[in-house]
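# Architecture at a glance
What follows is the residue order along each chain.
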Amino acid sequence: MLLRILICFTAFFSQIVYSQEIPPIQNYSPADYRAENQNWSISQDDDKIMYVANNKGLLEFNGADWTLYPSPNESIMRSVKVVEDRIYSGSYMEFGYWTKDRFGIPRYTSIASTMERPPLEDEEFWGILDFKDWILFQSLKRIYIYNTKTGAVSTIDAENTLYRMFQLGNEVFYQENGKGVFKIDNGKAIPIFDEEVLRTDEIINIFKVGENLIFVTKQNGFFEAANGMVKKFQTDLDRRFSGMSVYSAERLADGTYAIGTISDGLIILNAEGELLNHINQLNGLRNNTVLSVFEDSDNNIWLGLDNGLSYLNVKSPIRIYNDNKGVVGSTYSAVLHDGRLYLGTNQGLFYRAIGNDSEFNFIKGTEGQVWSLKEINGTLFCGHHSGTFIVEGQNAIKIAGVQGTWKINQVPAKPNLLLQGNYDGLYVLENREGQWQMRNKLEGFANSARHFELLDNQILVNHEYQGVFILNVDDALTKVNSVSMDTDIRGSDSGIIKFKDAVFYAYKNGILKYQPSSSSFIKDTTLSRVYDPEDYVSGKMTVDKEGNLWIFSNSSINIVTNGTLADTLLINKVSISENVRNDIIGYENVASMEKAGNYLLGTTTGYMLLDINGFKKNDFSVQLGKVANSSRRSLKWEYIDKELDEPFKSDRNHFRLSFFTPKYRRYFTPTYQYQLEGIYDTWSEWSENSIATFENLPFGEYTFRVRAKIGNTISSNTAAYSFKIARPWYLSNTMIFGYVLACIFGSYLIHQAYKRHYHKRQLKLIEKNKHEMELAKAQNEKEIIKIKNEQLQEEFRSKSNELAASTLSIIRKNELLSKVKEQLIANIEDRNSIKPIIRIIDKNITQNDDWEMFMEAFNNADRKFLKKLKKEHPNLSPNDVRLCAYLRLNLSSKEIAPLLNISVRSVEIKRYRLRKKMGLLHDDNLVDYIMQL
């Protein structure tokens, strides 16, 4: 039985959590802030910079960057409190304060180490209070009172565990386990309340409401002390969260209570103790254990969690409903009707009572895709994948079974007729005796009619892939008389809408207005300003109940309303980007809520509630963070004092500047734009990057300026930092003076040099004339030598011709003698009679007179060859030299044989032997070798 009750309670609790519309939540993981999981305390300084006591040390967050400063003894930091320009912190066996140095970096000063009375063993400091001229540090056994004027420290000891201390106006209280609540008066503890519950249950916080005190306990909820009496204060903690364990609590500026629990996340109660929100891991919180709660100067609620950090924009004009269980699905249409909120989703039709945070109920029979919901004359119509329904309370009645009803519109001047667009064309619904039913399909048109509008006797149907169909229909809406088509305007996710008795078409290249007279579209210059092609996301437009036109772009929502003058339109831009809206692109939808200016936007995971009146321009500022400098040699960044007015050395010309806007808004991330006057005078593009780096800057004076933008609002200030880079040593005044003296002296030297130059030039002219005469003489001698050389060349050619003729003569003579000899031997049988003749022939063939004549001619033609041959190959015989001479003349073996009076075979043998004597390789050519000597 107990288990069944527990299960029912859990289901009821989950239902409460699941159906809430919660403010925007920003979560930070340990990886984001680069420290450890647990965060025990949170505080904020006058510049809106956040400080967090983390297990690893002190965390600083300026809205752009996280910085960790490790605790002085590397222990867990349990508490932090900003008081004026000091950041007080408490950790294990240590407490003190941090002050920023001239570089903007917090430096720690220990108070505990200066005390005469040291901390107790294993003492940790869990709480810090600021009270007039004193700072109070609380451990589980003592309260240390530090005098900020004198530096003296006094203590208040407790016998039992000292849970927490509290400040209420000009009074300080604390609770001691088993004894109750005490008040500190002039450094002494005075008992105030000793009721059983205040002695045994840990008090998480005490608040003063009017003349009464409100106690928040760990296990027993709220108690109220009035007129000296303590009684139970009933809240939804008791009624709906019985047994919940509370760890932290704060009373917010608007009188509501933020309760941090150990295992159930954050609970927000109003002043009467009624539940406003319950936020945990199921609906967006990072962790269910809330160790600390803090409200910043902009009324955001910061939560130090057991695993990470979160903040809630409770004053945001945005509320989010996320279908974390996936039951409802993506919202394609929504409407308020008869006290209920209806959601048409991809999973069916759901509803719940307005003002109720219970779970959405499913309407049976509507399983599947809902495309549209529209109230017409008090009747709610539902366009569904399976047909058309009329919704009455918790029931849906199907009136048309034609598949795929995209949209339903009322026919002007015919209240008993409706026109609906379906997957396969247009259909007419008729009200007969109070009952709506299908009458007919519009003949002559069978295309999908997801987007259509009626204008007089025309129906305009936008088909994303084909263009816009212009249908002329008969008065009875039975058939299409003619169809024309504009194919020039078409595009994915384009849309068409009727607004102010005119039809508008939206696509990537702008918004066009339909001209009935010419059946054409022209560009509307006013509405086309809402986005450019780069900002386009969807042409889907919608008109709310108040008659405002909603246009969606990638960077914002644009709401078009009537201006104060006739025929004028005003465009109100709400800077919520598409990734924040989480739209179903091409199916964006808006529903008007009960309160004026409140609207519901369907999302892929539920819906978003917008309070348009809450999107007001809030002034904010941008601040310059740390400035670092380095040289081009080392690239080691060093922080610098922004107040210094001294110029930087010329080689320290690398600068890195950080900047930030301490504005903590979940869906509105600041972007920055900067310029460096003196070199980059134009502003940079808007970017979320919060660091600017400049390298290798030349010498000169510079002013860095940065401004921020959130949504469409630019920061109220422009942060600036001016600096100067000194001239390099070689451009200093001394060096410049030296350069001037050098120029003067150089000019004098140049003048003297010119005088010497022209004097030398005169001498050179004289020398030149003399030289030219010598050159003319040498030229004449050269001509003489040339003539002699030509004569020698002619003589050489003559000698060569003689040598060739001589060689040819010898060859012919020897050939003739050889033939005569052969004829004698062949034709005369008496050999003895011809022997004398043969001897004479042989003698003439072998005699040296021809060789000597040949050698004389050869020496005249090529004297150097024989000398070089004998020098290179002194071992050659005269016959070898003779063979080389013939080869030098490029004679063949056949031509050489008669000259040597031997056979051709013998010549080849001689050539082989000559190769060996000359030491030639097998692949070397003998003739080529001799020719190259």
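Worth saying up front: this structure is predicted, and the values here are computed from it rather than measured. (Residues numbered from 1 in each chain as written. Predicted model: local features only at pLDDT ≥ 70, side-chain atom pairs only at ≥ 80, totals over all residues. Heavy atoms only, no water.)

## Quick notes on the overall build of the protein
Scanning the protein from N- to C-terminus turns up 13 helices and 64 strands. Relative to a compact globule of 933 residues, whose C-alpha radius of gyration would be 30 Å, the protein shows 54 Å and is clearly more extended. In terms of overall dimensions, the protein has C-alpha extents of about 175 × 100 × 75 Å along its principal axes. Split into buried and exposed, the 933 residues of the protein put 49% on the buried side. For the protein, the accessible area works out to roughly 47300 Å², and carbon and sulfur atoms hold 49% of it. Across the protein, 110 positive and 114 negative side-chain charges occur, with their mean positions spaced 12 Å apart. (Helix = DSSP H or I, 4+ residues; strand = E, 2+ residues; numbered from the N terminus. Rg over C-alpha atoms; globule rule 2.2 N^0.38 Å. Buried < 20%, exposed > 50% of the residue type's maximum accessible area, 1.4 Å probe, protein only. Areas by Shrake-Rupley, 256 points an atom, 1.4 Å probe, with all protein chains shown as cover. Lys, Arg positive; Asp, Glu negative; His and termini not counted. Charge placed at Lys NZ, Arg CZ, Asp CG, Glu CD.)

## Focus on the sheet that holds strand β7 (residues 86-91)
Pairing within the open sheet is antiparallel, and its four strands lie in the order β6-β7-β8-β9. Looking at the sheet topology across the chains shown, the edges are occupied by β6 (77-83) and β9 (106-110). Pairs of neighbouring strands in the sheet enclose a mean axial angle of 25 degrees, with direction left out of account. In this sheet, β9 lies alongside strand β8 (residues 94-100) in antiparallel orientation, the contact comprising five bridges. Of the residues in β9, the one forming a bridge with Gly-96 is Ser-110. (Pairing = 2+ DSSP bridges. Axes fitted to C-alpha atoms, helices over the stretch in contact; angles between N-to-C directions.)

## Side note on the packing of helix α11 (residues 893-900) against helix α12 (residues 904-918)
For the pair α11 and α12, interaxial distance at closest approach is 8 Å and the crossing angle is 100 degrees. Judged by the inter-axis angle, α11 sits roughly perpendicular to α12. Contacts between α11 and α12 pair Ser-893, Lys-894, Ile-896, Ala-897 and Leu-900 from the former with Val-904, Val-907, Glu-908, Lys-910 and Arg-911 from the latter. Here the contact of α11 with α12 is built from residues that sort into five nonpolar, one polar and four charged. (Parallel < 35°, antiparallel > 145°, perpendicular 65-115°, else oblique. Contact = heavy atoms within 4.5 Å. Nonpolar A, V, L, I, M, F, W, Y, C, P; charged D, E, K, R; others polar.)

## Examining the sheet that holds strand β44 (residues 467-473)
Strand order in the open sheet formed by four strands is β42-β43-β44-β45, and the pairing between neighbours is antiparallel. Only two strands of the sheet have a single partner each, and these edge strands are β42 (451-455) and β45 (480-486). Here the average twist between neighbouring strands, direction ignored, is 20 degrees. As judged from the five bridges shared by β42 and strand β43 (residues 458-463), these two strands associate in the antiparallel manner.

## A look at unusual backbone geometry
Phi is positive for Asp-122, close to 60 degrees, though the residue is something other than glycine. Position of Asp-122 among the secondary structure elements: in the loop between β9 and β10 (125-131).

## Things to note about the pairing of strand β24 (residues 266-269)
Two faces belong to every sheet, and in a regular strand the side chains alternate between them. Neither face of β24 is left uncovered, since the one carrying Leu-266 and Ile-268 and the one carrying Ile-267 and Leu-269 both have all their residues buried. Strand direction decides the pairing type here: strand β23 (residues 257-261) and β24, joined by four bridges, are antiparallel. The residue of β24 that forms the bridge with Tyr-257 is Leu-269. Following β23, the chain reverses through four residues before pairing antiparallel with β24; Gly-265 in that reversal takes a positive phi of roughly 75 degrees. Inspection of the sheet shows β24 paired to strand β25 (residues 275-279) by four bridges, in the antiparallel sense. The residue of β25 that forms the bridge with Ile-267 is His-278.

## As for the packing of aromatic side chains
Inspection of the entire model under this criterion finds 56 aromatic pairs. Taking the centre distance of 5.4 Å and the plane angle of 80 degrees together, the rings of Phe-193 and Phe-215 count as edge-to-face. Taken together, the residues Phe-193 in strand β17 (residues 188-193) and Phe-215 in strand β19 (residues 212-217) connect sequence positions 22 residues apart. The residues Phe-193 and Phe-215 share a single accessibility class, namely buried. Ring centres 6.3 Å apart and planes at 55 degrees place the aromatic pair Phe-499 and Phe-504 in the tilted group. The ring of Phe-223 has Lys-232 lying over it, and the distance from NZ or CZ to the ring centre is 4.7 Å. The ring of Phe-668 is capped by Arg-665, whose NZ or CZ atom sits 4.5 Å from the centre of that ring. (Phe/Tyr/Trp six-rings, centres within 6.5 Å; stacked < 30°, edge-to-face > 60°. Lys NZ or Arg CZ within 6 Å of the ring centre and 35° of its normal.)

## Focus: the packing of helix α10 (residues 878-888) against α11
Two packed helices can be described by the angle between their axes and the distance between those axes. Where α10 contacts α11, the axes come no closer than 10 Å and their chain directions differ by 140 degrees. Relative to α11, α10 is oriented oblique. Both α10 and α11 take part in a crossing whose hand is right-handed. Listed contacts from α11 to Arg-882, Leu-883, Tyr-886 and Leu-887 of α10 are Ile-896, Leu-899 and Leu-900. Classifying every residue of the contact of α10 with α11 by side-chain character gives six nonpolar, no polar and one charged. (Left-handed = near helix turned anticlockwise from the far one by under 90°.)

## Points about a negative patch on the surface
Negative charge collects at one region of the surface, where Asp-46, Asp-47, Glu-84 and Asp-85 lie side by side. Turning to its location among the elements, Asp-47 is positioned in the loop between β2 (39-44) and β3 (50-54). For Asp-47, a relative accessible area of 40% translates into the label partly exposed. (Patch = residues over 30% accessible without salt bridge, like charges linked within 9 Å, V, L, I, M, F, W, Y side chains within 5 Å. Salt bridge = Lys/Arg side-chain N within 4 Å of Asp/Glu carboxyl O.)

## Thoughts on the environment of Phe-469
For Phe-469, the position within the fold is in strand β44. Separated by 17 residues in sequence, Phe-469 and Phe-452 place their C-alpha atoms 9.2 Å apart. Other than its neighbours up to four places away in sequence, Phe-469 contacts Phe-445, Asn-447, Ile-459, Leu-460, Val-461, His-463, Val-483, Ser-484 and Met-485.

## Things to note about the confidence of the model for the protein
Scored by pLDDT, the protein comes out at a mean of 89, with 93% of its residues at no less than 70. Every residue in residues 1-18 scores below 50 in pLDDT, and together they form 25 contacts with partners more than four places removed in sequence or on other chains. (pLDDT = per-residue confidence, 0-100.)

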